[in-house]
Amino acid sequence: MGGHDRLVVDYTLLESSKSNLREIKKVLGNIDDHRDDIRDIWGHDSIAGKMDEFVTNWDNYRRELKDNVENLGKQVEGALKSFQKQDLDLKNATEKKEKNGGK
């Protein structure tokens, strides 16, 4: 197998992904509902009705997207913690083995 038998985990990438997902969730959660603020510029009731429908759909999809981003963030955080624990466990096992003369 040579040099291909190692798993290399990029902790910096996982940390930045976790941070980026947290920021995306925050942005999606802070988008204000401006439906009432701009209702007057929509003009005709049929246009206003369609725009209202569009905004409602966007709000629903945004909530769903925010939930998905949150879940992905939790998975990234879980993976990061698992890899960090594995690294620590391997380090401790290696040190223990070296301390015991390789046994």
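Everything below is about the structure printed above this text.
Note that the coordinates shown come from a computational prediction; the quantities given were computed from them, not determined experimentally. (Residues numbered from 1 in each chain as written. Predicted model: local features only at pLDDT ≥ 70, side-chain atom pairs only at ≥ 80, totals over all residues. Heavy atoms only, no water.)

(A) Region of interest: the packing of helix 1 (residues 11-29) against helix 3 (residues 45-99). Running from N to C, helix 1 and helix 3 cross one another at 160°; their axes reach a closest spacing of 9 Å. Compared by their axis directions, helix 1 and helix 3 come out roughly antiparallel. Crossing handedness for the pair helix 1 and helix 3: left-handed. Partitioning the contact of helix 1 with helix 3 into residue classes produces 11 nonpolar, four polar and eight charged. (Axes fitted to C-alpha atoms, helices over the stretch in contact; angles between N-to-C directions. Helix = DSSP H or I, 4+ residues; strand = E, 2+ residues; numbered from the N terminus. Parallel < 35°, antiparallel > 145°, perpendicular 65-115°, else oblique. Left-handed = near helix turned anticlockwise from the far one by under 90°. Nonpolar A, V, L, I, M, F, W, Y, C, P; charged D, E, K, R; others polar.)

(B) View of the layout of surface pockets. In this structure, the largest pocket encloses a volume near 160 Å³. Around the largest pocket, the lining residues are K18, L21, R22, K25, V69, E70, G73, K74 and E77. For the lining of the largest pocket, the secondary-structure elements that each account for two or more residues are helix 1 and helix 3. With five residues, the single largest contributor to the lining of the largest pocket is helix 3. (1 Å grid on protein atoms, 1.4 Å probe; cavity = no way out; pocket = protein on both sides within 12 Å on 5 of 7 lines; lining within 4 Å. Points joined across faces, edges and corners; volume = space filled by probe spheres on them.)

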